Structures are given as structure tokens and as C-alpha cells.
Amino acid sequence: MRSMKMKITRVNMLILSLSLSVVAMGGLIYKQQTSKDRKIAIGDLKKLSAAEKVAFTDRGDGVFLSKTKPGANDWLAQQKEPGQTFVSYLNSTPNLPGKVRSVIYILPIGEFPEESAPDLQMLLDYTRAYYHPMEVLMKPAVADAEVKAKSRINGRVKQWLAPDVMRWMKPQLNDDAYAMISVTMTDLYPDPRWNYVFGMASFRQRVGVFSFARYGDKNRATVLRRAAKILTHETGHMFSIKHCIFYQCNMNGANHLNEMDATPMHLCPVCLRKMQHAVKFDVVERYQKLHAFYKKYKLEEEAEWVKARIDKIAEAK
Ligand SMILES: [Zn+2]
Ligand SMILES: [Zn+2]
């Protein structure tokens, strides 16, 4: 997962000094995907509706950008990811919501100061649009003091041990919960050897925790985009969707903020198809919900992209 990246300066310096061999290694780890690979990853669309065929087709017109070659410090240069085609997703017997476990819960922990934190209503609105038609509910916020987790001070910053937070969450899962995701402004670490982690999730345990402590930016739209991306990306993992290696996509792994900022908010055809299998949305309805969200929060670029998709699908009907 994107959040498992180690950020120890010593290690990064070592990587920089060995950049040539890292690039070579990156080349070995990640095989650049061809248009044929991407087509295979999307899978056979014959039995789908006209609208779905358009939604899941890459016409090579630049709407969906193929995955760019990773730089030495980027995710795919450092993590071996074989990629997950739509068929391999089906064969993995993915975790799926059912009649009983059907709600995504968001649990805010602690304060979300207006000047530095993403807006919780925005996160709720976005998750609802993204995972339409699943029910998404926000639980009442709990105070930091209620969290039973080991903590440490790392460079004056308080951090919680993320697996402890997840253990604390697990008994609080409602009977109708498909998954519960905690959001916090407190920094996290996954294990004492690591400097920090953006978040952790376990689809088997159906709980995850994500910190927005490191997403600060003067630009509010940047803070909003980062928080919205990480929340929907990690929720994607809850449906057993693995990292995307085929396109520039919200399911791409990311090692650092620049890499995350370069990924789009939308899903590529491969991941969109997996998500539809899990959540069972109508492709146009979902894009309409997203369009309303992007308009409301003034993310004009994303609003235009989604609108163009809606128009394209309409042509096919
Ligand atoms: Zn991930
Ligand atoms: Zn994708």
C-alpha cells in the first residue's frame, strides 16, 4: 500500500548515492505496460451494456493516461507489483459488501482545525459519490484520549502505533459495517523501525486508519485533493483492489507527496471495472454524483473530466 513507504533519511541518502543501480533495479522491477497489456487488464467487454463498454474502453485519445515510467524514488521503482488485471481480481475471490455488511463508516478521531485539516463534510460527500450507491456514514468524533494505542514522540511530533489503533477499532465495528476507516490529524507509525506512515488498512479486519498530519499545503484545493485521494484509494484496498500499474490512476501506489499529487482522482478503466464489480454502480449515475461534488467544491478540472465522460457515454446510447 502506498502508505507503507519508509521515510528514513539515512536510507534515502543511501538510495540517492546508489541512484544508478536503483534506476536499473527499477527497470527490472517494473515492466512498462503496452497498450495490449492494458487491453488484457481491462478484459472482455462483450457481455456488458453499451454504456459500460464505453466507460471501460480506452480509445487511446488521452482520456486515460498510461502509467508513466517511475523515477528512482517512485513507488514502482522500489516495490515489486505484478499488477492485477480484472480477471485476476475476480479470481482472487475479493472481499465484497453483502446484504448485512453494507455500510462504510468514517470515524474522526480528535480535532480537525479548519486552517490545516481537510473538511470532514467534504470527505463524507466525496466518499459517498465515489462509492455510490454504498451507504457511507460518519460516526461522532471521539477524543484523542479515548484511543487505546501505544504512542511515541518522534521529532517533537506525537505518533500513534497504527496497528494498535486498528486493534482498538475492531470491537467497535457495527454489525452492518462493511468497513470502518478512522481519520486523524495525529501522525502514525507502523512499527518502531519506521519513521512514519500515512495510514494502514486491513481488508480482512475491515478497519483502517489514515492520518492527514502530513498533507498540509497553503493551497486548500491541494489539501482537499490529497485527503480525498488517500481516503478513496485506501477504501479501494478494502474491496481487495490492488495497486494499479496500467494507468495513471487513483489506485497507483505513491511513495511521496509529489507522486501522489501527480496521480488523478479518477479511476482507470481497469480499476473502475473492479470497483463496479464490488459496489455495483451505474457508471453514469456515479459520474453524475462525482460531477456534483467537484462542482460544489470547485474542483473544475475534475468536474470537466467527469462531464466529458458522461457526454461520451451518452453518445453510445
Ligand atoms: Zn495503496
Ligand atoms: Zn487503475
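## Digging into the overall build of the protein
Here is step 1 of the chain: Counting its secondary structure elements, the protein contains 13 helices and eight strands.
Here is step 2 of the chain: Along the three orthogonal principal directions, the C-alpha set of the protein runs to about 55 × 50 × 40 Å.
Here is step 3 of the chain: When the 317 residues of the protein are sorted by exposure, 40% land in the buried category.
Here is step 4 of the chain: Within the protein, contacts between residues separated by at least 24 positions form 72% of all contacts whose residues are at least 6 apart in sequence.

## Let's talk about the pairing of strand 8 (residues 207-211)
Here is step 1 of the chain: Among the five residues in strand 8, five count as buried, and that is most of the element.
Here is step 2 of the chain: With burial as the criterion, each face of strand 8 is covered, one bearing Val207, Val209 and Ser211 and the other bearing Gly208 and Phe210.
Here is step 3 of the chain: Inspection of the sheet shows strand 5 (residues 177-184) paired to strand 8 by five bridges, in the parallel sense. From the neighbouring strand, methionine 180 faces strand 8, where its bridge partner is valine 207.
Here is step 4 of the chain: Sheet topology places strand 7 (residues 199-202) next to strand 8; four bridges connect them, and they run antiparallel. By the bridge assignment for strand 8, glycine 199 is matched with phenylalanine 210.

## Description of the packing of helix 12 (residues 283-296) against helix 13 (residues 300-316)
Here is step 1 of the chain: Viewed as axis vectors pointing N to C, helix 12 and helix 13 meet at an angle of 155 degrees, and their least axial separation amounts to 9 Å. The orientation of helix 12 with respect to helix 13, classified from their angle, is roughly antiparallel. Of the two elements, helix 12 crosses helix 13, and the hand of that crossing is left-handed. Mapping the contact onto sequence places Val283, Val284, Tyr287, Gln288, Leu290, His291, Tyr294 and Lys295 in helix 12 and Glu302, Ala303, Val306, Lys307, Arg309, Ile310 and Ile313 in helix 13.
Here is step 2 of the chain: Class assignment of the residues belonging to the contact of helix 12 with helix 13 gives a composition of nine nonpolar, two polar and four charged.

## Considerations on the nonpolar core
Here is step 1 of the chain: Formed by 78 residues in total, the largest nonpolar core has its most connected members in Ala162, Ala227, Cys244, Cys268, Val270 and Cys271.
Here is step 2 of the chain: Residue contributions to this core peak at seven residues, all from helix 9 (residues 220-238).
Here is step 3 of the chain: Residues contacting alanine 227, with those up to four places away along its chain left out, are Pro118, Leu123, Phe212 and Tyr215.

## Some thoughts on the sheet that holds strand 1 (residues 103-109)
Here is step 1 of the chain: One open sheet accounts for five strands, arranged 2-1-5-8-7; its pairing is mixed. Lying at the two open borders of the sheet, with one neighbouring strand each, are strand 2 (135-138) and strand 7. Averaged over all adjacent pairs, the angle separating strand axes in this sheet is 20 degrees, with direction ignored.
Here is step 2 of the chain: With respect to the sheet, helix 8 (residues 162-169) is in contact with strand 5, strand 7 and strand 8, its orientation differing from that of strand 8 by roughly 135 degrees.

## A look at the sheet that holds strand 6 (residues 187-189)
Here is step 1 of the chain: Taken in spatial order, the three strands line up as 3-4-6 in an open sheet, and their pairing is mixed. In this open sheet, the two strands that pair with only one neighbour each are strand 3 (151-154) and strand 6. Between one strand axis and the next, the sheet turns by 40 degrees as a mean value, whatever way the strands run.
Here is step 2 of the chain: Bridge analysis of strand 4 (residues 157-161) against strand 6 gives three bridges, and the strand direction is parallel. The residue bridging glutamine 159 from the neighbouring strand is aspartate 187, located in strand 6.
Here is step 3 of the chain: Along the sheet, helix 8 makes contact with strand 4 and strand 6, crossing strand 4 at roughly 55 degrees.

## Observations concerning the pairing of strand 2
Here is step 1 of the chain: As defined by bridge partners, strand 1 adjoins strand 2 across four bridges and the pair is classed as parallel. The residue bridging isoleucine 106 from the neighbouring strand is methionine 138, located in strand 2.
Here is step 2 of the chain: Considered for its hand, the β-α-β crossover made up of strand 1, helix 7 (residues 120-130) and strand 2 is right-handed.

## A look at the packing of helix 7 against helix 12
Here is step 1 of the chain: For the pair helix 7 and helix 12, the least separation of the axes is 8 Å and the interaxial angle reads 160 degrees. When the axis of helix 7 is compared with that of helix 12, the two are roughly antiparallel. In this structure, the crossing between helix 7 and helix 12 has a hand that is left-handed. Residue-level inspection shows Asp125, Tyr126, Ala129 and Tyr130 of helix 7 in contact with helix 12, the latter providing Lys289, Leu290 and Phe293.
Here is step 2 of the chain: Here the residues of the contact of helix 7 with helix 12 sort into five nonpolar, no polar and two charged.

## Some points on the confidence of the model for the protein
Here is step 1 of the chain: Here the protein shows a mean pLDDT of 89. Residues at 70 or above account for 91%.
Here is step 2 of the chain: Overall, residues 1-27 carries pLDDT values under 50, and its contacts beyond four positions in sequence, including any with other chains, amount to 29 contacts.

Rules and cut-offs
- Note that residues are indexed from 1 along each chain, following the sequence as it is written.
- Here every chain gets a letter starting at A, and every ligand a number starting at 1, in the order they are written.
- Only residues with pLDDT of at least 70 are given local features in this predicted model, and only at 80 or more are side-chain atom pairs given and counted; all residues enter the totals for whole chains, interfaces and linings.
- For helices the rule is a DSSP run of H or I covering at least 4 residues; for strands it is a run of E covering at least 2, with both sets numbered from the N terminus onward.
- Our exposure labels follow a C-beta count within 10 Å of each residue's own C-beta, placed from the backbone: buried means 20 or more other C-beta atoms, exposed means 12 or fewer, and partly exposed covers the counts in between.
- What counts as a contact is two residues whose backbone-derived C-beta atoms lie within 7 Å of each other.
- By definition, two strands form a pair when at least two bridges between them are found by DSSP.
- Fitted lines through C-alpha atoms serve as axes, helices being fitted only where they are in contact, and the angles separating the N-to-C directions of these axes extend from 0 to 180 degrees.
- Any angle that falls under 35 degrees is termed roughly parallel, while one over 145 is termed roughly antiparallel, one within 65 to 115 roughly perpendicular, and all others oblique.
- Take the far helix as the reference: if the near one is turned anticlockwise from it by less than a right angle, the crossing is left-handed, and if turned clockwise, right-handed.
- Following the grouping adopted for this structure description, the nonpolar residues are Ala, Val, Leu, Ile, Met, Phe, Trp, Tyr, Cys and Pro, the charged ones are Asp, Glu, Lys and Arg, and the polar ones are all others, Gly among them.
- A set of buried residues drawn from Ala, Val, Leu, Ile, Met, Phe, Trp, Tyr and Cys, joined through C-beta atoms within 7 Å, is what defines a nonpolar core.
- Whether a crossover is right-handed depends on one test, that the path from the first strand over the helix to the second runs clockwise when the strands point away from the viewer.
- Confidence of the predictor in every single residue is expressed as pLDDT, which spans 0 to 100.

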